[in-house]
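Listed below are the residues making up each chain.
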There are 2 protein chains.
Amino acid sequence: MEGVELAQRRLVVAANRGPVSFHDDPSGEPVVTRGPGGLVTVLTEVLRHHPGTWVAAALSDAERRLAAEKRAVEVALDGEEYRVRYVAPSADAYHKYYNVVSNPMLWFIQHYLWDLGRHPDIRAEEMDAWHNGYLVVNEQFARAVIDEVRRGPDGRRRRGPAGDGGDALVLLHDYQLYCVAPAVRAACPGAFLHQFIHIPWPQSDYWRVLPEHIREAVFHGLLGNDVVAFHTRHYVRNFLRCCADLLDLEVDEARGVVRYEDREVWVRAYPVSIDPASLRDAAGSRRARTAERKLRGRRREFLLLRVDRLDLSKNIIRGFVALDRFLELHPEFKERFTFLALLQPSREDVEEYVTYRERVERLVADVNTRHGTTDWMPIELRIQDDFPTTLAAYAQYDVLLVNAIADGMNLVAKEGPILNRHDGVLILSEYAGAFEELGAFALGVNPFNIEGQAEAIHRALVMPPEERASRAAMLRRVVEENSVEKWVQAQFADIAAKLAGGA
Amino acid sequence: MEGVELAQRRLVVAANRGPVSFHDDPSGEPVVTRGPGGLVTVLTEVLRHHPGTWVAAALSDAERRLAAEKRAVEVALDGEEYRVRYVAPSADAYHKYYNVVSNPMLWFIQHYLWDLGRHPDIRAEEMDAWHNGYLVVNEQFARAVIDEVRRGPDGRRRRGPAGDGGDALVLLHDYQLYCVAPAVRAACPGAFLHQFIHIPWPQSDYWRVLPEHIREAVFHGLLGNDVVAFHTRHYVRNFLRCCADLLDLEVDEARGVVRYEDREVWVRAYPVSIDPASLRDAAGSRRARTAERKLRGRRREFLLLRVDRLDLSKNIIRGFVALDRFLELHPEFKERFTFLALLQPSREDVEEYVTYRERVERLVADVNTRHGTTDWMPIELRIQDDFPTTLAAYAQYDVLLVNAIADGMNLVAKEGPILNRHDGVLILSEYAGAFEELGAFALGVNPFNIEGQAEAIHRALVMPPEERASRAAMLRRVVEENSVEKWVQAQFADIAAKLAGGA
């Protein structure tokens with residue numbers, strides 16, 4: 001690829017959610033708050049190194065008004081400055097794009113969650129959601145990205161070579177935007193296109209759940225980029241083999257390359273991480289310290305912890321079943337621990353999620369009834385979104401359980417060890433992305449193996465102090481040495497290398 | 001491999017079920033009947049070319065008495081002669097081997113049928129079933145195979161080089177016997193070991209459902225063979241990649257070879273088939289002709305047909321949902337067809353199967369109520385095992401629907417076209433093994449795509465007569481040219497080549 005080198009390139013980031021949320025307060029005045037989610041944190045890190053515009057979907061009336069201006073708005077918040085450009089799909093198109101195609105369709109495929117004997121059915125409704133939802137919203141994103149690429153640094157529209165995107169670096173994020181790249185490439189052939197997928201990539205047989213024209217649009221969409229990025233080498237390999245199996249493309253697994261049209265698409269792994277310093281800052285806040293005092297005051301000998309979004313992929317049920325089994329096998333631990341489960345409510349308008357929450361609540365009641373005493377309830381379930389309490393619990397746990405069925409990365413497994421002060425043991429699913437980096441110092445578990453998880457809980461609780469200390473130190477070290485800053489640098493280094501014509 | 005060439009080798013076949021069933025009649029006299037299932041048919045074909053002993057599990061009291069004799073029994077039935085050697089696991093071990101591990105565990109994994117958010121749970125019960133069921137029964141099979149290998153052609157036990165199996169060819173069949181080969185190889189290093197897997201082979205991520213030591217035992221077990229055989233190139237590729245992904249073995253996809261210990265294991269595809277001549281013979285029987293007369297007498301303009309075991313993998317529900325959708329889109333076909341569903345009852349002691357049957361029956365009632373008239377019921381559901389009616393229906397169909405979620409081969413797709421006399425159109429799932437051979441002449445459907453299946457039904461019904469005729473002729477030709485005889489020959493040719501040291 002010829003063109004402008006990386007340092008001179010202007011950034012256009014696109015992700016479904018923006019870095020900030022605009023809402024009208026009760027008096028009708030617009031207020032700005034920070035957007036939720038880990039993606040905002042990591043993309044803020046990217047923009048700190050390399051300022052640019054962030055294209056996102058308008059989710060509130062205030063944001064829809066901003067979208068109508070068809071240009072970016074500048075906003076400063078918590079010491080960061082953002083330029084945000086909103087696109088405003090119709091409520092109908094957004095619903096189809098978000099609630100039918102992205103979740104659950106793509107989410108369930110990419111986490112192997114479909115019960116294929118029963119679901120999904122691809123009917124007229126799903127076909128319509130693809131064509132009149134997902135593709136329409138992706139097109140709107142593409143138009144906004146193209147418009148931003150064509151504007152100069154001064155925000156004015158340009159013509160000529162610069163308008164071809166030769167000075168732009170476009171970063172597309174995640175599974176809502178698989179079909180954005182080709183339109184941007186066609187309109188701005190000089191732009192460098194990079195897409196990061198934050199969730200797992202399954203193997204080719206499982207993609208066959210989608211009708212051929214839909215799955216091919218997903219792959220052709222992604223291959224519109226110059227680089228396609230994942231969290232793990234495992235997902236990279238799965239993606240490359242999918243290109244061979246489903247599109248009959250030539251791939252080079254060793255080099256991480258797909259030959260596509262007359263180009264090479266690089267497919268690479270960059271394990272995302274956290275920023276230890278800012279996590280420590282947050283843990284030092286008054287609210288977090290208050291929460292920790294409370295937690296410490298009621299602490300039993302051991303604190304077991306899980307922190308998860310209430311999602312089927314997180315495998316919450318099997319974690320409690322394993323605790324039940326652990327108590328059957330080791331009644332000597334009765335009254336000596338609390339299993340604190342901090343679960344963020346999620347997608348409460350989707351039926352599967354409502355049912356799942358009910359199953360979790362019922363199971364917790366059963367386990368507590370079965371093993372509890374007049375003085376002790378084994379599981380404390382908190383379905384809430386309370387970051388200070390999470391930070392406090394990170395500091396205090398003896399055992400942190402992450403047993404996901406599938407998980408793009410899982411940042412809980414990285415946050416916990418950084419803040420923990422009890423040489424806590426990490427029990428980590430072999431199928432969380434984080435396992436590639438942390439598996440050697442965690443107790444690995446198969447998410448389906450109840451017996452194995454019950455054993456891992458026991459092993460963690462009886463582990464000699466020296467082993468706990470050395471494992472905890474190694475976990476901390478791996479996370480410290482592979483911070484989110486390194487994640488950004490590795491991606492930019494590859495972008496620079498590809499711009500320079502390297503391989 | 002050095003040793004005796006193929007023509008001189010004695011055959012020892014092992015499969016869960018034997019070629020015949022011994023039962024006591026009410027007066028206590030033993031009676032012999034032919035065993036059910038397609039495997040008996042194809043292995044009878046093998047033994048016709050190459051006589052030998054068949055090792056099978058004893059399923060009745062009469063068979064258990066024969067097992068106690070610890071030697072093969074000779075039996076002639078329907079013009080075939082068999083030597084059968086029974087092994088008699090305890091009822092407990094057999095239950096664990098068959099009803100816990102083989103079905104549903106392995107069956108559900110290999111057909112991608114688990115609802116991973118909920119099932120399976122690997123608990124103490126499953127671990128126990130593996131160790132005290134599957135492995136124990138596999139060991140019993142191995143001991144019986146070894147004993148048969150060590151006997152001479154006269155049925156007497158031998159010592160010395162011949163007792164090492166140098167004159168034996170051992171053919172192991174299917175997913176119940178994954179762990180037989182290594183013990184046979186260790187005891188009889190001269191024996192040639194060949195295992196055929198009649199169901200799909202899924203990709204490596206899905207095998208991770210099993211605890212590591214179990215899945216590794218499956219792979220090490222299979223790699224104890226000289227040749228591992230599947231129905232399709234797709235399953236071969238999946239198996240080879242699994243060996244690389246899960247066991248870190250060196251594989252050569254182009255040559256179909258796994259390097260294992262100091263040997264090469266060949267992994268090959270041999271699409272199983274039917275014997276057109278004997279199928280035609282059966283269709284000419286009095287009972288089949290009577291059934292056909294009945295069917296013809298009540299025939300509407302079009303006959304749609306499905307013939308399946310009542311199994312989740314067959315995707316029966318989505319077929320009826322697609323018919324429902326077809327009738328919504330094309331009410332002009334009302335009263336003009338019958339959709340005859342011939343479903344064999346299956347595994348009626350397994351809860352999933354009972355629930356599935358209930359769902360099928362309820363849905364058929366719904367669709368019939370919604371679209372039926374005083375003179376017409378669209379779906380005729382027959383849950384029964386009635387081969388003459390199946391043969392009659394094969395002759396009469398205009399459209400044959402095979403929409404399996406996953407299916408090792410699917411012989412219905414081969415039997416139908418051979419007997420059909422209406423230039424019937426085959427609608428065939430892309431995920432049935434038969435699709436590799438027949439897909440070009442069938443209407444391919446994605447099993448999850450209801451809309452696509454409804455469209456395929458319509459397309460089949462309005463297809464011009466010339467196109468129907470040419471497709472039907474090509475289907476017939478492909479099946480005729482790739483009969484079960486060719487399936488046997490291809491395997492024996494490769495065995496001979498490997499014995500001769502070829503690659």
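A. Broad picture of the overall build of chain A. Along the backbone of chain A there are 18 helices and 18 strands. Taken over the C-alpha trace, chain A has a radius of gyration of 23 Å; the compact-globule value for 503 residues is 23 Å, and the two agree within 12%. Counting only C-alpha atoms, chain A reaches 75 × 50 × 45 Å along its principal axes. The 503 residues of chain A split such that 51% are buried. Partitioning the contacts of chain A with sequence separation of at least 6, the portion at a separation of at least 24 is 77%.

B. Region of the structure containing the packing of helix H14 (residues 412-419) of chain B against helix H17 (residues 465-481) of chain B. Residue and element names in this part refer to chain B. The N-to-C vectors of H14 and H17 enclose an angle of 115°; their axes lie 9 Å apart at closest approach. In this structure, H14 meets H17 at a crossing whose hand is left-handed. Contacts between H14 and H17 involve Lys-414, Pro-417 and Ile-418 from the first element and Ala-472, Leu-475, Arg-476 and Val-479 from the second. Tallied by class, the residues present in the contact of H14 with H17 amount to five nonpolar, no polar and two charged.

C. Main features of the interface of chain B and chain A. Counting residues at the interface gives 29 residues for chain B, matched by 29 residues for chain A. Sort the elements by how many residues they give to the side of chain B that touches chain A and helix H16 (residues 450-462) of chain B lands first, with three residues. Residue composition of the side of chain B that touches chain A, by class: 16 nonpolar, five polar and eight charged.

D. Region of the structure containing the relation of the copies chain B and chain A. Overlaying chain B on chain A yields an RMSD of 0.0 Å, the required transformation being a rotation through 180° with an accompanying axial translation of 0.0 Å. Considering both components of the superposition, the chain copies are consistent with a two-fold axis. By C-alpha distance to the rotation axis, the residue of chain B lying nearest is Asp-115 of chain B, at 2.0 Å. By residue overlap, the copies meet face to face through one surface: 100% of the interface positions of chain B are interface positions in chain A.

E. Structural context of the domain arrangement of chain A. All names here are of chain A. Each assigned domain of chain A is listed here: domain 1 (6-272 + 486-499) and domain 2 (276-482). Once you take the C-alpha centre of each, domain 1 and domain 2 turn out to be 31 Å apart. Contact with domain 1, which involves 17 residues of that partner, is made by 14 residues of domain 2. Breaking the side of domain 1 that touches domain 2 down by element, the ones donating at least two residues are helix H3 (91-110) and helix H8 (233-247). The dominant element in the side of domain 1 that touches domain 2, judged by the number of residues it contributes, is H3, at three residues. For the side of domain 1 that touches domain 2, the per-class residue count stands at seven nonpolar, eight polar and two charged.

F. Spatial organisation of the environment of Ala-93 of chain B. Residue and element names in this part refer to chain B. Among the secondary structure elements, Ala-93 is positioned in helix H3 (residues 91-110). Looking at Ala-93, the number of C-beta atoms within 10 Å reads 19, which means it is partly exposed. C-alpha of Ala-93 to C-alpha of Ala-406: the two residues are 313 residues apart in sequence and 29 Å apart in space. Filtering out sequence-adjacent residues up to four positions away, Ala-93 remains in contact with Asn-132, Gly-133, Val-136 and Val-137.

G. Region of the structure containing the sheet that holds strand E9 (residues 227-230) of chain A. Residues and elements named next belong to chain A. The sheet built from ten strands is open, its strands ordered E5-E6-E4-E1-E7-E8-E9-E12-E11-E10 with mixed pairing. Only two strands of the sheet have a single partner each, and these edge strands are strand E5 (73-77) and strand E10 (251-252). By the bridge criterion, four bridges tie strand E1 (residues 10-14) to strand E4 (residues 52-57) in an arrangement that is parallel. Paired with Val-13 across the two strands is Trp-54, which belongs to E4.

H. Geometry of the nonpolar core. Val-145, Val-170 and Ile-427 of chain A together with Val-145, Val-170 and Ile-427 of chain B are the most contacted members of the largest nonpolar core, which has 331 residues in total. Excluding residues within four positions of it along the chain, Val-145 of chain B makes contact with Val-12, Ala-14, Val-55, Val-170, Val-180 and Val-184 of chain B.

I. Fine view of helix H14 (residues 412-419) of chain A. Taken across its eight residues, H14 of chain A has eight buried, putting it largely inside the fold. Among the residues of H14 of chain A, Val-412, Ala-413, Lys-414, Glu-415, Gly-416, Pro-417, Ile-418 and Leu-419 of chain A are the ones counted as buried.

J. Here's a closer look at the confidence of the model for chain A. For chain A, the average pLDDT comes to 94, and 99% of its residues sit at 70 or higher. Confidence estimates for the predicted assembly give a pTM of 0.96 and an ipTM of 0.94.

K. Fine view of the sheet that holds strand E16 (residues 399-402) of chain A. All names here are of chain A. As summarised here, the arrangement of the six strands in space is E15-E14-E13-E16-E17-E18, forming an open sheet in which the pairing is parallel. Each edge of the open sheet is held by one strand with a lone partner, namely strand E15 (379-383) and strand E18 (443-445). Here the strands of the sheet are splayed against their neighbours by 20° on average, with no regard to which way each runs. Bridging between strand E17 (residues 425-429) and E18 involves three bridges; their strand directions are parallel. Bridged to Ile-427 within E18 is Leu-443. In the packing of helix H16 (residues 450-462) onto the sheet, contacts are made with strand E13 (302-309), E16, E17 and E18, and the angle to E18 comes to roughly 170°.

L. Broad picture of helix H4 (residues 124-150) of chain B. Over its 27 residues, H4 of chain B extends 38 Å from the first C-alpha to the last, a length consistent with the 39 Å expected when each residue adds 1.5 Å. Where H4 of chain B bends most, at Trp-130 of chain B, the angle is about 30°.

M. Structural context of the pairing of strand E2 (residues 20-24) of chain B. As judged from the five bridges shared by E2 of chain B and strand E3 (residues 30-34) of chain B, these two strands associate in the antiparallel manner. When the bridges of E3 of chain B are listed, Val-20 of chain B appears paired with Arg-34 of chain B.

N. Up close: the pairing of E17 of chain A. Residue and element names in this part refer to chain A. Taken across its five residues, E17 has five buried, putting it largely inside the fold. With burial as the criterion, each face of E17 is covered, one bearing Val-425, Ile-427 and Ser-429 and the other bearing Leu-426 and Leu-428. Strand direction decides the pairing type here: E16 and E17, joined by four bridges, are parallel. By the bridge assignment, Leu-401 is partnered in E17 with Ile-427.

O. Fine view of the packing of helix H1 (residues 38-49) of chain B against helix H18 (residues 484-499) of chain B. All names here are of chain B. Between H1 and H18, whose axes approach to 10 Å, the crossing angle comes to 60°. Taken as axis vectors, H1 and H18 run oblique relative to one another. Helix-helix and strand crossings are classified by hand; for H1 and H18 the assignment is right-handed. In this structure, H1 contributes Val-42, Glu-45, Val-46 and His-49 to the contact, and H18 contributes Val-484, Glu-485 and Val-488.

P. Focus on the environment of Gln-396 of chain B. Residue and element names in this part refer to chain B. Residue position: Gln-396 is located in helix H13 (residues 387-396). The sequence separation of Gln-396 and Gly-416 amounts to 20 residues, and the corresponding C-alpha distance is 9.4 Å. Setting aside anything within four residues of it in sequence, one finds Gln-396 in contact with Glu-292, Leu-295, Arg-296, Arg-299, Leu-303 and His-422.

Rules and cut-offs
Residues numbered from 1 in each chain as written. Chains lettered and ligands numbered in written order. Predicted model: local features only at pLDDT ≥ 70, side-chain atom pairs only at ≥ 80, totals over all residues. Helix = DSSP H or I, 4+ residues; strand = E, 2+ residues; numbered from the N terminus. Rg over C-alpha atoms; globule rule 2.2 N^0.38 Å. Buried ≥ 20, exposed ≤ 12 C-beta atoms within 10 Å, placed from the backbone. Contact = placed C-beta atoms within 7 Å. Axes fitted to C-alpha atoms, helices over the stretch in contact; angles between N-to-C directions. Left-handed = near helix turned anticlockwise from the far one by under 90°. Nonpolar A, V, L, I, M, F, W, Y, C, P; charged D, E, K, R; others polar. Least-squares fit on C-alpha atoms with pLDDT ≥ 70 in both. Domains from an automatic or database assignment. Pairing = 2+ DSSP bridges. Core = buried A, V, L, I, M, F, W, Y, C linked by C-beta atoms within 7 Å. pLDDT = per-residue confidence, 0-100. Expected span 1.5 Å × (residues − 1). Bend = angle between axes of the 7 residues up to and from the residue. Parallel < 35°, antiparallel > 145°, perpendicular 65-115°, else oblique.

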